[in-house]
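Given next are the chains, with one letter for each unit.
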Amino acid sequence: MNAQFDELRQQFTKEVEEAKNTEDIERVRVSYLGKKGCVTELLKGLKNVSAEEKKERGRMINELKNEVQARIEERQKSIAAEMEKFKLKTDERYDISLPCDPSVGTLHPITLVQRELEEIFASMGFAVEDYKEFVTEFENFEAVNIPKHHPARDMQDTYYLDNGQILKTHTSAAQNFILTKYGAPCKAIFPGRCFRNEALDASHETTFFQMEGVMVDKDISISNLIYFMETMLSEVFQKPITVRLRPGFFPFTEPGFELDIQCPFCGGTGCQTCKHGGWIELCPCGMIHPNVLRMGGIDPEEYTGFAFGLGLTRLAMMKFGIDDIRYLNSGNLKALDQFCKM
Ligand code: DAH
């Protein structure tokens, strides 16, 4: 009996080793463990042997069956792994740059608002630029007229990297790069992620998004700023928007403003969104400070320009009625998905 089992084992081992793909190993499985497989036949044959032989033989057959089963599973796994490796090496490579299936999931509310704004500004002739998230202190501060020890730095504490760079606190950190790259005249927007050392609450996050814009040319004035902001915001809210400017201080503007919009939800009569004031503070802006133009290689005697720093996160929250900023970075798909479907 032992000899018969040994022979079977040897034959099985040979067949398993020779199996090169899933079909081969399946064939081996069926021929040993299938309904008419030889191990199954051995089990069936037990009914013909005497009671005392049955016990020992039954144990041995079961042992063989378990062994065969385990070996087959092992080989199935190794074949799957080999095939995966083979795929990676041959024509059937994974192309990680292939677009994903757009029918799955939704875009993040901030991405939606960002894309919408990019389209609007592009239609008004603005270039759309991207910029780094970690920048030098010079880019973030000095280049926008905030020298070392200037009190304005206090409000923009951020994260410092070991190499002396910082995570940018505002998209204004790219102003110098954009002015230098395009020179005058220039029209560009540059959305981006910004970081600040903030205590978290419903309206403060350490990570948020802004969209900066600059327009530089001969004779650019505050009227141009108002016109562009009004046109852009009317597109965003799909209705005529009235804006007003209040004085605001930013070291990189002269003069600087806080731009408010008349509440698009109640038309200015007062509601929850505008906290019953009728106006919503939306976008700090101003005429670019001569020092900033000069540092960007542009002669302030010849050219003037406006700049603005739109809070993308803020705008997305308003547009989608999101009342807690922490949802946006939470990765809570249930919440985000719901906003995007509105
Ligand atoms: N960078 C400013 C901030 O994050 C916002 C800002 C104000 C940007 C005025 C501008 C501007 O371009 O002109 O607080």
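Residues numbered from 1 in each chain as written. Predicted model: local features only at pLDDT ≥ 70, side-chain atom pairs only at ≥ 80, totals over all residues. Heavy atoms only, no water.

Colleague: Would you mind going over the site of the ligand with me for this structure?
Modeller: Around the ligand there are 16 residues in total, and His170, Ser172, Arg196, Gln210 and Glu212 lie nearest to it. Here an oxygen atom of the ligand and a side-chain polar atom of Arg196 are 2.9 Å apart. Phe308 places a polar main-chain atom, nitrogen or oxygen, 3.4 Å from an oxygen atom of the ligand. Relative to its unbound accessible surface of 360 Å², the ligand loses 93% to contact with the protein. Across the shell around the ligand, the residue classes tally to six nonpolar, eight polar and two charged. (Near = heavy atom within 4 Å. Polar contact = N/O pair within 3.5 Å; in protein donor to acceptor, adjacent residues only side chain to side chain. Areas by Shrake-Rupley, 256 points an atom, 1.4 Å probe, with all protein chains shown as cover. Nonpolar A, V, L, I, M, F, W, Y, C, P; charged D, E, K, R; others polar.)

Colleague: What is the right way to look at the nonpolar core in this model?
Modeller: As a rule of thumb, soluble globular proteins bury nonpolar side chains together. Ranked by size, the top nonpolar core spans 47 residues in total, and within it Leu117, Met232, Leu233, Ile261, Phe308 and Leu310 carry the most contacts. Residue assignment for this core shows that the elements contributing at least two residues are α5 (109–123), β5 (207–217), α8 (222–237), β7 (253–262), β8 (279–288), β9 (304–311), α10 (312–320) and α11 (333–340). Ranked by the residues each element gives to this core, the list is headed by α8, at seven residues. The residues contacting Ile261, other than those within four sequence positions of it, are Leu233, Phe237, Ile241, Thr242, Val243, Gly278, Trp279, Ile280, Leu282 and Met318. Judged by nonpolar contacts, the second largest core, of 24 residues, contains Val135, Val144, Ala188 and Val214. (Core = buried A, V, L, I, M, F, W, Y, C linked by side-chain atoms within 4.5 Å. Buried < 20%, exposed > 50% of the residue type's maximum accessible area, 1.4 Å probe, protein only. Helix = DSSP H or I, 4+ residues; strand = E, 2+ residues; numbered from the N terminus. Contact = heavy atoms within 4.5 Å.)

Colleague: Teacher, can you tell me more about helix α3 (residues 38–45) here?
Modeller: For an α-helix, 3.6 residues make a turn, and residues three or four places apart therefore share a direction. Within the span of α3, buried status applies to Val39, Thr40 and Leu42. Across the axial projection of α3, the buried residues extend over an arc of 155°, all falling on one side. Contact partners of the buried residues in α3: α1 (2–18), α2 (22–33) and α4 (51–89). (Arc of directions from axis to C-beta.)

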